[in-house]
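# Descriptive analysis of the structure
Listed here are the chains, written in short residue letters.
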Amino acid sequence: MKISVVGGGPGGLYFALLTKKACPDYDIEVIEQNREGDTFGFGVVFSDETLDEFFAADPESYDLIRGHFAYWEDIVVSHRGDRTVIGGNGFAGCSRFKLLDILTRRCREVGVKLSFGRRLDPARLQEDLPGRDLIVVADGIGSAIREANAEAFGRTVENRKNRFTWMGSTKPLDAFTFFFKETPEGHFCAHTYEYEAGRSTWVIECTPETFAACGFADMSEDESARFLEGVFADELDGHGLVTNRSIWRQFPRVSCKNWSVGNMVLLGDAKASAHWSIGSGTKLAMECAIGLSDAVVAARGDVTAALAGYEAARRTPVEIIQHAADVSLRWFEQMARHMAKPRFEFAFALMSRSKSITWDNVGLRDFSFLKAVEQEYYAGLPDYARPADGKAPTPMFTPLKLRDLTLTNRVVVAPMAQYSADRGVPTDWHKVHLGARGIGGAGLLFTEMTCPSPDGRITDYCPGLWNDAQEQAWRDIVDFVHENGATRVCLQVGHAGRKGSTKHPKHGSDLPKDEGNWPLVSASAIPFRDGVNAVPAELDRDGMDRIRDEFVDMTIRADRAGFDMIELHCAHGYLLASFLSPLTNSRTDAYGGSAENRVRYPVEVFEAMRAVWPAHKPMSVRLSAWDWAPGGVGWHDLEVYALAFKAAGVDLLDVSTGQTVPHQTPVYGRMYQVPFADYVRHVSGLPVMTVGAITEPAQVNTILAAGRADLVALARLHLNDPAFTRRAAAHYGVADPHWPIQYKTGEGQQLREAEKDNEKALETARKLRPSRRHYKRAAG
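So, here's what we can say about the structure.

The rules we used
Residues numbered from 1 in each chain as written. Predicted model: local features only at pLDDT ≥ 70, side-chain atom pairs only at ≥ 80, totals over all residues. Heavy atoms only, no water. Helix = DSSP H or I, 4+ residues; strand = E, 2+ residues; numbered from the N terminus. Polar contact = N/O pair within 3.5 Å; in protein donor to acceptor, adjacent residues only side chain to side chain. Contact = heavy atoms within 4.5 Å. Axes fitted to C-alpha atoms, helices over the stretch in contact; angles between N-to-C directions. Left-handed = near helix turned anticlockwise from the far one by under 90°. Nonpolar A, V, L, I, M, F, W, Y, C, P; charged D, E, K, R; others polar. Disulfide = S-S within 2.5 Å. Buried < 20%, exposed > 50% of the residue type's maximum accessible area, 1.4 Å probe, protein only. 1 Å grid on protein atoms, 1.4 Å probe; cavity = no way out; pocket = protein on both sides within 12 Å on 5 of 7 lines; lining within 4 Å. Points joined across faces, edges and corners; volume = space filled by probe spheres on them. Expected span 1.5 Å × (residues − 1). Arc of directions from axis to C-beta. Core = buried A, V, L, I, M, F, W, Y, C linked by side-chain atoms within 4.5 Å. Phe/Tyr/Trp six-rings, centres within 6.5 Å; stacked < 30°, edge-to-face > 60°. Lys NZ or Arg CZ within 6 Å of the ring centre and 35° of its normal. Pairing = 2+ DSSP bridges.

## Let's talk about the side chain of S4
- Note on placement: S4 falls in strand 1 (residues 2-6).
- A distance of 2.5 Å separates the side chain of S4 from the side chain of E29, its partner in a polar contact.
- Polar side-chain contacts of S4 include one of 2.9 Å to the side chain of R132.
- If sequence neighbours within four positions are ignored, S4 has contacts with E29, L129, R132, L134, I135 and V136.

## Here we look at the packing of helix 19 (residues 541-560) against helix 22 (residues 600-612)
- Orientation of helix 19 relative to helix 22, taken along the N-to-C sense of each, is 35°, at an axis distance of 9 Å. The hand of the helix 19/helix 22 crossing is right-handed. In contact with R541, G543, M544, I547, R548, F551, V552, T555 and I556 of helix 19, helix 22 contributes Y601, E604, V605, A608, M609 and V612.
- When its residues are assigned to classes, the contact of helix 19 with helix 22 shows 10 nonpolar, 2 polar and 3 charged.

## Remarks on the state of the cysteines
- Scanning the model with the defined rule gives 0 disulfides in all.
- Left without a disulfide partner, C288 is nearest to the cysteine sulfur of C256, which lies 12 Å away.
- Residue C288 is classed as buried on the basis of its relative accessible area of 0%.
- Between C451, a cysteine without a disulfide, and C462, which holds the nearest cysteine sulfur, the sulfur-to-sulfur distance is 5.5 Å.

## Observations concerning the layout of surface pockets
- Counted as a void, the second largest pocket has a volume near 1300 Å³.
- In terms of lining, the second largest pocket is formed by 47 residues, of which the most central are P415, H572, R622, Q659 and R716.
- Those elements giving two or more residues to the lining of the second largest pocket turn out to be strand 29 (711-714) and helix 26 (716-720).
- Considering every element that reaches the lining of the second largest pocket, the biggest residue donor is helix 26, with 3 residues.
- Residues that form the lining of the second largest pocket fall into these classes: 25 nonpolar, 16 polar and 6 charged.

## Quick notes on helix 18 (residues 468-483)
- Its 16 residues place the ends of helix 18 22 Å apart at the C-alpha level, agreeing with the 22 Å of an ideal helix rising 1.5 Å per residue.
- Of all the positions in helix 18, only Q470, E471, A473, W474, I477, V478 and V481 are classed as buried. Buried residues along helix 18 cover an arc of 165° about the axis, so they all sit on one side. Opposite the buried face of helix 18, by more than 90 degrees, sit the exposed residues D468 and E483.
- Buried positions along helix 18 lie against helix 17 (428-438), strand 21 (444-446), strand 22 (488-493) and helix 19.

## Things to note about the nonpolar core
- Among the nonpolar cores identified, the biggest contains 121 residues, and F180, L568, F645 and L653 are the most heavily contacted of them.
- For F645, the contacting residues outside a window of four places in its chain are C570, V599, P602, V603, F606, V621, L623, V650 and L653.
- By size, the runner-up hydrophobic cluster in this structure holds 65 residues, among which are Y14, A92, I102 and M264.

## Side note on the packing of aromatic side chains
- Throughout the structure, instances matching the rule amount to 36 aromatic pairs.
- The ring of Y591 has R600 lying over it, and the distance from NZ or CZ to the ring centre is 6.0 Å.

## Remarks on helix 27 (residues 724-731)
- With 6 of 8 residues buried, helix 27 lies mostly within the body of the structure.
- Taken residue by residue, helix 27 has F724, T725, R726, A728, A729 and A730 as its buried positions.

## Details of the sheet that holds strand 1
- Pairing is mixed in the open sheet, where 6 strands are placed in the order 8-2-1-9-17-16. Here the strands that pair on one side only, and so sit at the sheet edges, are strand 8 (113-116) and strand 16 (260-261).
- Where strand 1 lies against strand 2 (residues 27-32), 5 bridges are found, and the strand directions are parallel. Its bridge partner being in strand 2, V6 is matched across the sheet by I31.
- This element, helix 1 (residues 10-22), spans strand 1, strand 2, strand 8 and strand 9 (134-137) of the sheet and lies at about 170° to strand 2.

## So, the sheet that holds strand 4 (residues 70-72)
- The strand order 3-7-4 describes an open sheet built from 3 strands, whose pairing is antiparallel. Here the strands that pair on one side only, and so sit at the sheet edges, are strand 3 (43-47) and strand 4. Across this sheet, the average inter-strand angle for adjacent strands is 25°, counted without regard to direction.
- The pairing of strand 3 with strand 7 (residues 91-95) spans 5 bridges and is classified as antiparallel. Following the sheet pairing, S47 is matched in strand 7 by F91.

This is the structure in structure tokens:
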């Protein structure tokens, strides 16, 4: 094969080295536009896992590099005068210049042709590189070749809002250190690490407001460096900052639908960029170089097969890292929101920002740090919620009080539609379903959305609460749960609006009934799906009053049925949510237009319900914080809605997202809705509940300890395991006084099994200690 690599960065050089080493007869050249030895930036960082891959791929280059590694296990968080150390993190840093020098030498040793100072015209790439079987495009995040073929590659670029500059210093550092600074102009964070003795990298970022207030746009590199030396004077301790093309930039978030076009294939930042806050740019480039080389070698000259194999092997890992990096960069964009957090909560929130590090993981890395986080969390609780001396139940097993209702823990069984009612009456299925989860140990149990009238249902199989038979059936379920444990029960109430009068989902999602459809209503006459669902009538004043009164009657019945709490469903595109979203509300009266107008009717319904609901019982509201579609609910809207319901007396905001319109494009991932709950909690000062792709107790504790939510709801997990909370209690060694007497003998067995599992996990962690492994290799 004849292969040209355009771009002499770490990814391009490593691919050329590995491929030439495996296939000596291949004609491989690397073309770099800069002169040999020119490089920009200072150091690069690798995790232990990445070092393992380098060792396996090319031990020779690994051996050359390892002697230049600066190793560390600690991460230090410097915030408001406190220096918090978190151990157990295995990293190595080295000079970018040294890395490129070693890879260049290795390429020459195996016979790769190297050409420096040669700039190619992207419009004439094929003419300038005639007869090449494969062209590897590795010319960086601003790739000119990719941009010349942007449409073919399906390229998207989003410039994120924070500004950053990459500088160096002679300041010695003993750990990867985050320096957070609050100045009159705004907020800064310096991401710093030593990459060789007496040399450290300083990536300094600030919010756009800070950038403007400081006037960096009008400063030279040198002037910016001098200004930042003043900001970080204490941290630099007399050392200066060094520039090397240290211009202020916004991070471009690059992604490509297609990684290859014809005989061109993208590598490194040219195909996908991962924010440097998780140290993954060079890591991704070199790991993908391994993947592309493996695919090329395995394909034995079949370019089509090689490119397909490369993308199949690497796309998912790249997208996972890119998503984690996206979440991480948003945390820094919102650093001002976190600054006021207490010392250990702040550090824990920083460590867990990308959602890949959880409560249990931190405990394995640095148990003493986790204990400090835990004790600070307990100290911040009201007196009623603080554990007794010597007890450490973890955050998820601390109580929460809403008005006069005290929940024994922070775990919630989320509302889950069962489509099993008979003419609106809950059936034996509901009693078994809710009863099993009601004795599973959760603090709070939600019913599925229950409707105030027959024409407020999604399907004929949805439960309601508008007659005596329904009220009695609900009473029986609530009584069973109350009699057999400490779990409290919340009735979620809602009107389907334009998403109503549909078949059972087993016949297809959101499909109208074949016959017997009832008239639909919504904020505006916009169908859920054009040509499929009926056009709803725009709700007039009489209709608004009628439905409000139906909710009021339902609320009175809910109290008689014994419910501890009630939630008004204003999410997922149902009737009240249709008023909130600009995508479903085109009204021109007092209930349309601004966010303040759009929230008016849902608040009217809430206030009418609150007036008849007992004062000692709490009420919550579920919101769709994001529509996942252009023109939908935005951050300002969400703040307006949260404050409006706060003024109306809501006790808890249940923050979900989406399901407003069928053309939504959610960005899924573990705990993917938590940032929205975090935002609502910050702007409203209210307790919030989060939900969505939360799958293990460690994630529950992570969310709570980082100050992102007050309750954590889990849905699908409870379908599989009604006793999730009891298992979690055993995992953390927490005795539960509310086990049903019939099951009490199982508690000890569960605790013993959990203790064995925990011992195995600790032993595994002791064996790994990855950074020590690489340190021993380097020390010889």
